[in-house]
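# A structural walkthrough
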Amino acid sequence: MTVEEREAAIAAVREALGGAHVRRGEKGPARVLRPRQIAEEPSPAAQAARAYLNSRGDYFEWMAAARDKLGEKAVRDEVVVLAAELARTG
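Residues numbered from 1 in each chain as written. Predicted model: local features only at pLDDT ≥ 70, side-chain atom pairs only at ≥ 80, totals over all residues. Heavy atoms only, no water.

### Some remarks on the packing of aromatic side chains
Inspection of the entire model under this criterion finds one aromatic pair. Here Tyr59 and Phe60 contribute two aromatic rings whose centre-to-centre distance is 5.3 Å and whose plane-to-plane angle is 85 degrees, an arrangement assigned as edge-to-face. (Phe/Tyr/Trp six-rings, centres within 6.5 Å; stacked < 30°, edge-to-face > 60°.)

### A look at helix 2 (residues 44–56)
Taking 1.5 Å of rise per residue, 13 residues should cover 18 Å, and helix 2 covers 19 Å from first to last C-alpha, within 8% of that figure. Those residues of helix 2 that sit buried are Ala46, Ala49 and Leu53. Axial view of helix 2: buried residues confined to an arc of 65 degrees, hence all on one face. Exposed side chains of helix 2 directed beyond 90 degrees from the buried face belong to Pro44 and Ser55. Looking one or two residues beyond helix 2, the residue adopting positive phi is Gly57, at roughly 90 degrees. (Helix = DSSP H or I, 4+ residues; strand = E, 2+ residues; numbered from the N terminus. Expected span 1.5 Å × (residues − 1). Buried < 20%, exposed > 50% of the residue type's maximum accessible area, 1.4 Å probe, protein only. Arc of directions from axis to C-beta.)

### Thoughts on the nonpolar core
As a rule of thumb, soluble globular proteins bury nonpolar side chains together. In terms of nonpolar packing, the biggest core is built from 14 residues, with Leu53, Trp62, Met63, Val80 and Ala83 touching the most fellow members. Within the residue set of this core, elements represented by two or more residues are helix 2, helix 3 (59–70) and helix 4 (76–89). The element best represented in this core is helix 4, accounting for six residues. Apart from residues lying up to four places away in sequence, Val80 is in contact with Ala46, Ala49, Arg50, Leu53, Tyr59 and Met63. (Core = buried A, V, L, I, M, F, W, Y, C linked by side-chain atoms within 4.5 Å. Contact = heavy atoms within 4.5 Å.)

### Regarding the pattern of salt bridges
Where side chains of opposite charge bring their charged atoms close, a pairing between them can arise. Per the counting criterion, the structure on display carries three salt bridges. Of the charged contacts in the structure, one is a salt bridge between Arg50 and Asp77, with a shortest N-O distance of 3.7 Å. Of the two residues, Arg50 is situated in helix 2 and Asp77 in helix 4; the sequence distance between them amounts to 27 residues. Judged by relative accessible area, which is 21%, Arg50 ranks as partly exposed. With a shortest N-O distance of 3.6 Å, Arg88 and Glu85 are connected by a salt bridge. Pair noted here: Arg88 and Glu85 are both in helix 4, with a separation of three residues, about one helical turn. (Salt bridge = Lys/Arg side-chain N within 4 Å of Asp/Glu carboxyl O.)

### A short note on the environment of Glu41
Within the element layout of this structure, Glu41 appears in the loop between strand 2 (28–33) and helix 2. Judged by its relative accessible area of 73%, Glu41 falls in the exposed class. Spatially, the C-alpha atom of Glu41 lies 9.9 Å from that of Asp77, the residues being 36 residues apart in sequence.

### Quick notes on helix 4
The end-to-end C-alpha separation of helix 4 is 20 Å, in line with the 20 Å expected for 14 residues at 1.5 Å each. Residues of helix 4 that are buried include every one of Val79, Val80, Ala83, Ala84, Leu86 and Ala87, and no others. All buried residues of helix 4 lie within an arc of 165 degrees about the axis, which places them on one face of the element. The elements touched by buried residues of helix 4 are helix 2 and helix 3.

Structure below.
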């Protein structure tokens with residue numbers, strides 16, 4: 001193996017491990033790979049909701065209320081849209 005091949009292999013492994021996290025295994029720490037998530041662009045509704053909440057000055061309070069209603073696994077765009085709805089009606 002040449003030096004260039006070795007460096008390319010190391011770079012490929014580092015790239016693959018970029019999405020890794022370490023968890024406790026039976027015989028010590030285990031590195032677990034997670035697929036990289038492609039960053040999605042926020043929807044126009046979420047952008048408008050975020051702008052509305054920012055203009056009010058109580059962004060975090062409504063976000064917390066919406067997160068409580070939707071749960072921890074809810075997508076952030078859904079949470080911000082619900083938060084804006086709650087702020088408008090509440």
